[in-house]
Amino acid sequence: MTIAYNRRTHRCGQLRLSNVGESVILAGWVQKYRDHGGMVFIDLRDYTGVTQIRFNPETDPKAHTIARSLRTEDVIAVAGEVAPRGENVNPKLPTGEIEVLGHQCDLLSKADTTPFEVADHIEANEDLRLKYRYVDLRRPVMQKVFRTRHRIGKAIRDYFDENGFVEIETPFLTKSTPEGARDYLVPSRVKRGTFYALPQSPQIFKQLFMIAGFDRYAQIVRCFRDEDLRADRQPEFTQLDMEMSFVQMEDVMTVVEGCVQRIFKAALDIDVPVPFPRISEGEAMERFGIDRPDTRFGLELQDVTDIARRCDFRVFSEALAAGGVVKCIVARGGELTRKITDGLTEEIKGIGGAGLPVTKVIQGAGGPEFSTGIAKFIQPVFAELCAKVGTQVGDTIFFMPGRFAHVCKYLHYVRTRLAQIMELIPPNRWNLLWVVDFPLFVWDEEANRWFSTHHPFTAPKDEDLQYLESDPGRVRSKAYDLVLNGTEMAGGSIRIHRRDVQARVFRVLGISDEEAHLRFEFLMDALRFGAPPHGGIAFGFDRWTMLLTGQESLRDVVAFPKTQRAVCPLTGAPAPVGQDQLDELQLLIKANADG
Ligand code: ASP
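Calculation rules
- Residues numbered from 1 in each chain as written.
- Predicted model: local features only at pLDDT ≥ 70, side-chain atom pairs only at ≥ 80, totals over all residues.
- Heavy atoms only, no water.
- Pairing = 2+ DSSP bridges.
- Helix = DSSP H or I, 4+ residues; strand = E, 2+ residues; numbered from the N terminus.
- Axes fitted to C-alpha atoms, helices over the stretch in contact; angles between N-to-C directions.
- Contact = heavy atoms within 4.5 Å.
- Near = heavy atom within 4 Å.
- Polar contact = N/O pair within 3.5 Å; in protein donor to acceptor, adjacent residues only side chain to side chain.
- Areas by Shrake-Rupley, 256 points an atom, 1.4 Å probe, with all protein chains shown as cover.
- Buried < 20%, exposed > 50% of the residue type's maximum accessible area, 1.4 Å probe, protein only.
- Expected span 1.5 Å × (residues − 1).
- Salt bridge = Lys/Arg side-chain N within 4 Å of Asp/Glu carboxyl O.
- Core = buried A, V, L, I, M, F, W, Y, C linked by side-chain atoms within 4.5 Å.

*Asks:* So what exactly am I meant to see when it comes to the sheet that holds strand 3 (residues 49-55) here?
*Replies:* Pairing between the strands of a sheet comes from backbone hydrogen bonds, and it takes one of two forms, parallel or antiparallel. The five strands lie next to each other as 1-2-3-5-4, forming a closed barrel whose pairing is mixed. Averaged over all neighbouring strand pairs, the angle between strand axes comes to 55°, with direction disregarded. Both strand 2 (residues 39-46) and strand 3 contribute to a ladder of seven bridges, which runs antiparallel. Bridging across to strand 3, Phe-41 finds its partner in Arg-54.

*Asks:* Even after reading the chapter, I still don't get the sheet that holds strand 16 (residues 432-436), so can you show me in this structure?
*Replies:* Here we have seven strands laid out as an open sheet, ordered 8-9-21-20-19-16-10, and mixed in their pairing. Only two strands of the sheet have a single partner each, and these edge strands are strand 8 (216-224) and strand 10 (278-280). Between one strand axis and the next, the sheet turns through 25° on average, direction left out of account. On top of the sheet, helix 5 (residues 203-211) reaches strand 8, strand 9 (236-245) and strand 21 (534-540); it is set at about 25° to strand 9, its chief contact.

*Asks:* Can you help me understand the site of the ligand in this one?
*Replies:* Around the ligand there are 13 residues in total, and Glu-179, Gln-203, Lys-206, His-455 and Arg-495 lie nearest to it. Within the contact set of the ligand, a nitrogen atom lies 2.6 Å away from a side-chain nitrogen or oxygen of Gln-203. In the model, an oxygen atom of the ligand is placed 2.6 Å from a nitrogen or oxygen of the Lys-206 side chain. Protein coverage of the free-state accessible area of the ligand, which is 270 Å², stands at 88%. For the shell around the ligand, the element with the highest residue contribution is strand 21, accounting for three residues.

*Asks:* How should the pairing of strand 8 be read in this particular structure?
*Replies:* Side-chain positions along a regular strand alternate between the two faces of the sheet. Counting buried positions along strand 8 yields seven of nine residues, so the element is predominantly enclosed. Sheet analysis places strand 8 next to strand 9, joined by nine bridges and oriented antiparallel. The partner of Tyr-217 across the bridge, within strand 9, is Glu-243.

*Asks:* Hey, could you run me through helix 13 (residues 404-421) in this one?
*Replies:* In an α-helix there are 3.6 residues to a turn, and that puts residues three or four apart on one side. Here helix 13 is 18 residues long and its end C-alpha atoms lie 25 Å apart, about the 26 Å a rise of 1.5 Å per residue gives. Among all positions in helix 13, only Val-407, Cys-408, Tyr-410, Leu-411, His-412, Val-414, Arg-415, Leu-418 and Ala-419 are buried. In the core, the buried residues of helix 13 are packed alongside helix 7 (281-288), strand 11 (301-303), strand 12 (325-331), helix 10 (338-350) and strand 15 (396-402). Among the residues trailing helix 13, Glu-423 stands out with phi positive, at a value near 50°.

*Asks:* Would you explain the pattern of salt bridges in this entry?
*Replies:* Pairs can form between side chains of opposite charge whenever their charged atoms are close. Within the structure shown, the criterion is met by 43 salt bridges. Of the charged contacts, one joins Arg-133 and Asp-136 as a salt bridge, the two residues approaching to 2.6 Å between their closest N and O atoms. With a gap of three residues between them, Arg-133 and Asp-136 both fall in helix 3 (residues 133-136), about one helical turn apart. Across the pair, exposure class does not vary: Arg-133 and Asp-136 are buried alike. The partner of Arg-296 in a salt bridge is Asp-294, and the shortest N-O contact between them spans 2.7 Å. The two residues Arg-296 and Asp-294 agree in class, both being buried. What you see here is one network of salt bridges that share partners, running through Arg-129, Arg-133, Asp-136, Arg-139 and Asp-556.

*Asks:* Would you take a moment to explain the nonpolar core for this structure?
*Replies:* One broad trend across soluble globular proteins is that nonpolar side chains are buried collectively. Counting 69 residues, the largest nonpolar core has Phe-160, Met-242, Val-260, Phe-539 and Trp-544 as its most contacted members. Considering each element in turn, this core owes the most residues, ten residues, to helix 6 (residues 249-268). In this structure Trp-544 touches Val-260, Ile-263, Phe-264, Leu-432, Leu-482, Leu-484, Met-489 and Phe-539, once residues within four positions along its chain are discounted. Of all hydrophobic cores here, the second largest spans 22 residues; its members include Phe-316, Ala-375, Ile-397 and Phe-399.

*Asks:* In this structure, what is going on with unusual backbone geometry? I would like to understand it.
*Replies:* Leave glycine aside and you will find that most residues have negative phi; peptide bonds, for their part, are mostly trans. Between Val-274 and Pro-275 the backbone carries a cis peptide bond, its omega angle lying at -10°. Along the chain, Pro-275 turns up in the loop between helix 6 and strand 10. With an omega of -5°, the peptide bond between Ala-573 and Pro-574 qualifies as cis. Turning to its location among the elements, Pro-574 is positioned in the loop between helix 16 (541-548) and helix 17 (579-585). One non-glycine residue, Asp-215, adopts positive backbone phi at about 70°. Secondary-structure assignment places Asp-215 in the loop between helix 5 and strand 8. Residue class for Asp-215 comes out partly exposed when judged on its relative accessible area of 35%. In the Ramachandran plot, Asn-485 falls in the positive-phi region, its phi being about 50° despite a non-glycine side chain.

Okay, structure coming up:
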């Protein structure tokens, strides 16, 4: 008789001393195999853990013969009896006080040698891991990640359900949705020469839900953006997308804070305090050089433009003459060697900067003074500068002259690197922060036009509406971004619910009335038929999972991710298709399309 593996009595991580004497059925994968001169020991693994099975040739010769033939990753079922391990207790295993005396063993599936070991720490390169993802996912660390991912998703769904939200699906085969990336296109077979676009987000649909009177909507949904894949992007990714009617910014932010509390509880059993601090985008740029500041450490940017004006230092005066600023970061008492500061200067050059003037406050013969090459230029303002930025002997000052945007970019970089080098980031700190008061538009020098900072449906602040045409750069939006330890975790806004305002915003964006009609007619139409004030937000669900499970790459929290070249090593997608399929779609592939 074969073992009724469909009647497993336990999972492999469950048995304890209290189960001693019980007859059990377990099934799973062979983690380890040891033949101890007669006795065969198998570590049997499933998603809950590992149990040691002992096969005795004297008492169970048949089972023992099968056990002797087993190798790692074979799939087996075992029937046996739980026994104490006596003095061979393994304190590292939750099941380490017991073992199962295997009376029967069925080989359910023989495994070839796997391309890499099923263990938490492996050396295998990522392409190999992704090609054999099902083996990779067997690793306990991955099992844990995906179970946490599930729990986060469940916590989110429960929370929104309790708060009156409905989950409704939105289409994947749709029309372009403007989130600023390239669309993935799907050719239509039926309507020759036309294409669906996969949604970059359900933005317009969720707004239509509000116009449809659903009041509150939340969906965990896949979005598609064809971007050049930076280390932390995936072409398809999952968002928690939500929208609410008859709300102001405060209302959405409060609901989100409650949701974030639930997420932390589910993933880490941590209570995060609410409300989260808020900072304006302007202040964030001034103090941190970035609109998603990491507030776990200091090293804030300080403006020394006024003092720099009084220095006879060409690097400063050129920047100031061009309308720039001079800002600095003070690294307090860090033992920053010349090698480190030179290294940082090189890194800044590597990302396009001209350099990084550095000085150190040292104890000179006549009292504290600046050291390094630039000291002579700034020594005359020593007292003022030290008083303004609050330096002491031992501190290092990093200056950055130039256009505000550049100064922000480079000093943000310096700040982040210094925090790593000086080990200033405390472990297990979760700094949540709202960034608000974004400008509605950003000017793009190259394209010579305004772009939406978020997306074109974001509402301007009521008091700034008057500047929409006359001074678009002055208009602030009703947008809010949620930042966690320097990473943008969610972004949303109150939306435009008036057709005339939406048309004005499109015009500022250079979208003519005709183009708006072509691209967004359905939305503009909907705004005619009674649109309630509404707003919402979207969370990067993968990114939340990544941070809360301590993973370093989004690829580690997506079951079947794409590589940085947007390829799936497992399935081989994207792949060529047959001529018959192309013919059916009436598509011609250009020869040498790649040049
Ligand atoms: N649709 C936006 C996004 O995907 C989020 C939002 O405004 O709700 O980023």
